[in-house]
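# Structural features, examined
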Amino acid sequence: MRNADQPLKGHELRSPIRPGEAIAAMRRLIRDKEDTAQVFHIVRALSGNSYYRSFRRFAASPEGKRILLDHADLLGTLCDRDRLSGCEPGTLGRAYLDFVYGEGLTAEGLVDASEVVGADDFSDPEVSLYRKRLRDSHDLFHVVTGYGRDALGELCVLSLGNAQFYNHGIAFIVATGIAKTLAEASGLPVARTAFEAWKRGRTAADFTTFYWEKHLDTPLEEVRRLLNLKPPIRYLRVQDLSRSLERDFQASRQSEHHA
């Protein structure tokens, strides 16, 4: 039985909300959307008890208990390029490999960004495993949901995730991102597409308790079925337009910078 003076497991995830810090980080992120460390600053500043509540649900679930008992190392798995290369085409593992290396990414990239702000420094190993697992699964979310790395695709991944494990900081990023994208590309149905992503997250199975490592050799479409993921219809309709508008916007920014 837990001692009355013993804090509840996961108490380290509780933190005060610091809006000023979040706004400053958002300004830096708007200036450079590739500055991923600012995302962790914002989320940490506004998370409050959000991560605490989601960790408690995770740790109480049968799937979460199994992941914790196994000390599952998602980052180690995603960094094992030989293992991923051995997956058949069309499987989750091969799709992930193609995505990250096709985009010039690495599994360690998010680790570096999170370590800048100490976002995953916890003394409780179970809490640390959970937070790192959320961080390391971000690009897996892209793969299974079908959302790209364009600004709209990133917004949709965050919106879908926030429907499953709500966080004030992520909600702030999504809301600001919608407004910014609308200002830069008024022809995109940004809000409706992000809302569709939110609805997909509400009806999908829990991503946090999905044992990704056990499904590397599972066909991607089967993984999507297991996760009860519906197709991103609105996003697919405008994906090419979104990418084109973003390329034009980035090109104009570079021209202004060199002018």
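Structural data are supplied above this passage.
What comes next is a walk through the structure. Nothing here was measured: the structure is a model prediction, and the numbers come from that model. (Residues numbered from 1 in each chain as written. Predicted model: local features only at pLDDT ≥ 70, side-chain atom pairs only at ≥ 80, totals over all residues. Heavy atoms only, no water.)

### Some details on the overall build of the chain
- Check the secondary structure of the chain and you find 15 helices and 0 strands.
- Expressed as a percentage of the 259 residues in the chain, the buried residues total 48%.
- The long-range share in the chain, meaning contacts at least 24 apart out of those at least 6 apart in sequence, stands at 76%.
- Total accessible area on the chain is roughly 13,200 Å²; 53% of this is exposed by carbon and sulfur atoms. (Helix = DSSP H or I, 4+ residues; strand = E, 2+ residues; numbered from the N terminus. Buried < 20%, exposed > 50% of the residue type's maximum accessible area, 1.4 Å probe, protein only. Contact = heavy atoms within 4.5 Å. Areas by Shrake-Rupley, 256 points an atom, 1.4 Å probe, with all protein chains shown as cover.)

### Examining the nonpolar core
- Residues Ile42, Leu92, Tyr96, Val144, Phe207, Trp212 and Leu227 are the most contacted members of the largest nonpolar core, which totals 65 residues.
- With near-sequence residues (within four places) excluded, Val144 lies in contact with Leu92, Phe207, Trp212, Leu220, Val223, Arg224, Leu227 and Leu229. (Core = buried A, V, L, I, M, F, W, Y, C linked by side-chain atoms within 4.5 Å.)

### As for the packing of helix α2 (residues 37-46) against helix α12 (residues 168-184)
- The contact between α2 and α12 brings their axes to 7 Å, and the two run at 130°. Regarding the angle of α2 to α12, the classification is oblique. Every residue of α12 that contacts α2 at Val39, Ile42, Val43 and Leu46 is listed here: His168, Gly169, Ile170, Phe172 and Ile173. (Axes fitted to C-alpha atoms, helices over the stretch in contact; angles between N-to-C directions. Parallel < 35°, antiparallel > 145°, perpendicular 65-115°, else oblique.)

### Quick word on α12
- Relative to the 24 Å expected for 17 residues at 1.5 Å per residue, α12 spans 24 Å between its end C-alpha atoms, a close match to the ideal helical length.
- Contacts made by the buried residues of α12 are with α1 (19-31), α2, α3 (50-60), α11 (151-164) and α13 (190-203).
- Where α12 begins, one side-chain oxygen reaches toward the backbone nitrogen of Gly169, 2.7 Å away; that side chain belongs to Asn167. (Expected span 1.5 Å × (residues − 1). Polar contact = N/O pair within 3.5 Å; in protein donor to acceptor, adjacent residues only side chain to side chain.)

### Some words on the packing of α11 against α13
- At a minimum axis distance of 7 Å, the contact between α11 and α13 shows a crossing angle of 35°. The handedness of the crossing between α11 and α13 comes out as right-handed. Residues Leu152, Leu155, Cys156, Ser159, Leu160, Ala163 and Gln164 of α11 lie in contact with α13, whose contacting residues are Val190, Thr193, Ala194, Ala197, Trp198, Arg200, Gly201 and Arg202.
- A breakdown of the residues in the contact of α11 with α13 according to their chemical character gives 9 nonpolar, 4 polar and 2 charged. (Left-handed = near helix turned anticlockwise from the far one by under 90°. Nonpolar A, V, L, I, M, F, W, Y, C, P; charged D, E, K, R; others polar.)

### A look at the side chain of Thr91
- With respect to the helices and strands, the residue Thr91 is situated in the loop between α6 (81-85) and α7 (92-102).
- Residue Thr91 is classed as buried on the basis of its relative accessible area, which comes to 6%.
- A polar contact is formed between the side chain of Thr91 and the backbone oxygen of Glu88, at a distance of 2.6 Å.
- Here the side chain of Thr91 touches Arg94 through a polar contact of 3.4 Å, landing on its backbone nitrogen.
- With near-sequence residues (within four places) excluded, Thr91 lies in contact with Leu216, Asp217, Thr218, Pro219 and Leu220.

### Some details on the packing of aromatic side chains
- Enumeration over the complete set of coordinates arrives at 9 aromatic pairs.
- Relative to Phe207, the ring of Phe141 has its centre 4.8 Å away and its plane inclined at 85°; by these criteria the two rings are edge-to-face. Of the two residues, Phe141 is situated in helix α10 (residues 138-145) and Phe207 in the loop between α13 and α14 (220-226); the sequence distance between them amounts to 66 residues.
- Note on Phe141: relative accessible area 5%, which makes it buried.
- For Phe207, a relative accessible area of 1% translates into the label buried.
- In this structure an aromatic cluster arises from ring pairing among Phe141, Phe165, Phe207, Phe210 and Trp212.
- Positioned above the aromatic ring of Tyr51, the side-chain terminus of Arg131 is 4.0 Å from the ring centre.
- The ring centre of Tyr211 lies 5.1 Å from the NZ or CZ of Lys214, which sits over that ring. (Phe/Tyr/Trp six-rings, centres within 6.5 Å; stacked < 30°, edge-to-face > 60°. Lys NZ or Arg CZ within 6 Å of the ring centre and 35° of its normal.)

### Let's talk about the pattern of salt bridges
- As enumerated under the stated definition, the model contains 9 salt bridges in all.
- Residue Asp217 pairs with Arg83 through a salt bridge whose shortest N-O separation is 2.7 Å. Of this pair, Asp217 sits in the loop between α13 and α14 while Arg83 sits in helix α6; the two residues are 134 residues apart in sequence, bridging distant segments of the chain.
- Owing to a relative accessible area of 46%, Asp217 belongs among the partly exposed residues under this scheme.
- Here Arg83 falls in the partly exposed class, since its relative accessible area comes to 32%.
- Notably, a salt bridge pairs Lys180 with Glu184, separated by 2.5 Å at the nearest N-O pair. In this pair, Lys180 and Glu184 are both assigned in helix α12, 4 residues apart and thus about one turn of the helix distant.
- For Lys180, a relative accessible area of 25% corresponds to the partly exposed category. (Salt bridge = Lys/Arg side-chain N within 4 Å of Asp/Glu carboxyl O.)

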